[in-house]
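Residue strings, one per chain:
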Amino acid sequence: MTASSDGVLHTLFRSERGGHEQVVLCQDRASGLKAVIALHNTDLGPGLGGTRFFPYESEEAALEDALNLSRGMSYKNAMAGLDHGGGKAVIIGDPEQIKTEELLLAYGRFVASLGGRYVTACDVGTYVADMDVVARECRWTTGRSPENGGAGDSSVLTAFGVFQGMRASAQHLWGDPTLRGRRVGVAGVGKVGHHLVEHLLSDGAEVVVTDVREDSVRRVTDRHPAVTVAADTEALIRVPGLDIYAPCALGGALNDTSVPVLTAAVVCGAANNQLAHPGVEKDLADRGILYAPDYVVNAGGVIQVADELQGFDFDRCRRQAAKIFDTTLEIFTRAKEDGVPPAAAADRIAERRMAEARARR
């Protein structure tokens, strides 16, 4: 790893995307744990964000992902109205191969060593049962099972929030907040995506799905035979007459290859960091595609885990997650007034809240 102009250290210390307060490299040789914990901004409060467990191609790629994800959490938590800053962690490796109780306990000790500056939860590759294990070593753990004092699976409210963002997008673009009769493509029907499909079908949408895991697709189609299947994401984004594209897997779905061929009029999905690089938001706007900023619409899960810290109440969380509809509409209005893409408008609102919190210190 070098400190070159395009390297990770440049992102951390120098670039506009940087400004991270703290990055912790974690290693426990006995269990095989290699992890990165990144705290981007704690002006609003302790960093809050999930733990991703993924077989990265390199340690540098893992670090880069932790930096990007933690920055996204700062903006997500600010836009969700939470008194939390941005934090994220990644564990390097294939969870199906190396995840053990010893490794999760070791990870919990590293999170605990931060003394509450970082509150963790589930993400890609980690589940409620994993958080129950982590919590044995770290009290700053959310996303635990109800049996262990937690709120359980946060994907339910994540999907609900994305659905509210879709409704707001429909209201803004077509003048009606319903998805009835709209064709929606969902890329990734795992933890969040399959719940989103349920909302869409209940609202009368026509749904097309794809996923790299055949069992995930089969779970949806067995329950809902009317759902159609695209061979892969490349095929999905080219489906004729697609009204909404919902990226619900890993980040970078909107890039120089996908945006020019995307048939949808709206992009609104659960995946984090959907914009592969700065400038993609303008490419979408130039094509007349309405982009609902990912960190705004997928905030239902973080709303839930934050609530867990004060004693979880599902109805209270659902009411707060329902506000994603109004927040998304506010962003579209602000974007039109300022003559900027919605992603830029959302950033400005989030940055203002963080700056106001910093000024009060």
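Since the model is a prediction, treat every value here as computed from it, not as a measurement.

> Whenever I open this one, the packing of helix α6 (residues 155-174) against helix α14 (residues 324-338) confuses me. Can you help?
For any two helices packed against each other, one specifies the crossing angle of their axes together with the interaxial distance. For the pair α6 and α14, the least separation of the axes is 8 Å and the interaxial angle reads 40 degrees. In terms of axis orientation, α6 runs oblique to α14. Handedness of the crossing formed by α6 with α14: right-handed. Residues G161, Q164, G165, R167, A168, S169, Q171 and H172 of α6 lie in contact with α14, whose contacting residues are I324, F325, T328, L329 and F332. Within the contact of α6 with α14, the residues separate by chemical class into five nonpolar, seven polar and one charged.

> Help me understand the nonpolar core, please; the structure alone is not making it clear to me.
The nonpolar side chains of soluble globular proteins are, as a tendency, buried together. Counting residues in each nonpolar core, the largest one holds 44 residues, and the members touching the most others are M166, V186, L196, V197, L200, V207 and V209. When residues of this core are assigned to their parent elements, the largest contribution, six residues, is made by α6. Excluding its chain neighbours within four sequence positions, the residues that come into contact with V207 are V184, V186, V197, L200, L201, V227 and T228.

> How do you make sense of the sheet that holds strand β9 (residues 228-229) when you look at a structure like this?
Whether parallel or antiparallel, the strands of a sheet pair through hydrogen bonds between backbone atoms. Pairing within the open sheet is parallel, and its six strands lie in the order β9-β8-β7-β10-β11-β12. With one partner strand each, in any of the chains shown, β9 and β12 (290-291) form the two edges of the open sheet. Sheet topology places strand β8 (residues 206-210) next to β9; two bridges connect them, and they run parallel. Residue pairing in the sheet places V209 in a bridge with V229 of β9.

> In this structure, what is going on with unusual backbone geometry? I would like to understand it.
With the exception of glycine, most residues fall at negative phi, and the peptide bonds are largely trans. One non-glycine residue with positive phi stands out, namely N273, at about 50 degrees. Looking at where N273 falls in the secondary structure, it is placed in the loop between β11 (266-267) and α10 (280-286).

> What is the right way to read the state of the cysteines from this model?
Among covalent bonds in proteins, the disulfide is the one between the sulfur atoms of two cysteines. What the rule picks out here adds up to zero disulfides. Summary of cysteine pairing: C26 is not part of a disulfide, and the nearest cysteine sulfur, belonging to C138, is at 11 Å. The exposure class assigned to C26 is buried, which follows from its relative accessible area of 5%.

> Would you explain the packing of aromatic side chains in this entry?
Taken as a whole and assessed by the stated rule, the structure comprises three aromatic pairs. Arranged with centres 5.1 Å apart and planes meeting at 70 degrees, the rings of F54 and Y56 form a pair that is edge-to-face. Above the face of the W174 ring, R182 is positioned so that its terminal group lies 3.8 Å from the ring centre. It is K191 that lies over the ring of Y127; its NZ or CZ is 4.6 Å from the centre.

What counts and how
- The numbers attached to residues start from 1 for each chain and follow its sequence in the written order.
- It should be noted that, the model being predicted, local features are given only for residues of pLDDT at least 70 and side-chain atom pairs only at 80 or more, the latter also being counted only at that level, while totals for whole chains, interfaces and linings use all residues.
- Water and hydrogen atoms play no part in the side-chain values, which are based on all heavy atoms of the structure.
- Here an axis means a line fitted to C-alpha atoms, over the contact stretch when the element is a helix, while the angle between two N-to-C directions is reported on a 0 to 180 degree scale.
- Helix numbering and strand numbering both begin at the N terminus, where a helix is a DSSP run of H or I of at least 4 residues and a strand a DSSP run of E of at least 2.
- The cut-offs work like this: below 35 degrees is roughly parallel, past 145 is roughly antiparallel, 65 to 115 is roughly perpendicular, and the gaps in between are oblique.
- By definition, turning the near helix anticlockwise from the far helix through less than a right angle yields a left-handed crossing, and turning it clockwise yields a right-handed one.
- Note on definitions: a residue-residue contact is assigned when non-hydrogen atoms from the two residues lie within 4.5 Å.
- Only Asp, Glu, Lys and Arg are considered charged, only Ala, Val, Leu, Ile, Met, Phe, Trp, Tyr, Cys and Pro nonpolar, and every remaining residue, Gly among them, polar.
- Residues belong to one nonpolar core when they are buried, are Ala, Val, Leu, Ile, Met, Phe, Trp, Tyr or Cys, and are joined through side-chain atoms within 4.5 Å.
- Each residue's exposure class comes from its accessible area (1.4 Å probe, protein chains only) as a fraction of the maximum for that residue type: buried when under 20%, exposed when over 50%, partly exposed otherwise.
- Pairing between two strands requires that DSSP report at least two bridges joining them.
- Disulfides are defined in this document as cysteine sulfur pairs within 2.5 Å.
- For Phe, Tyr and Trp, rings pair up if their centres lie within 6.5 Å, where Trp contributes its six-membered ring, and each pair is then called stacked (planes under 30 degrees apart), edge-to-face (over 60) or tilted (otherwise).
- Consider the ring centre and the ring normal. A charge sits over the ring if Lys NZ or Arg CZ is within 6 Å of that centre and within 35 degrees of that normal.

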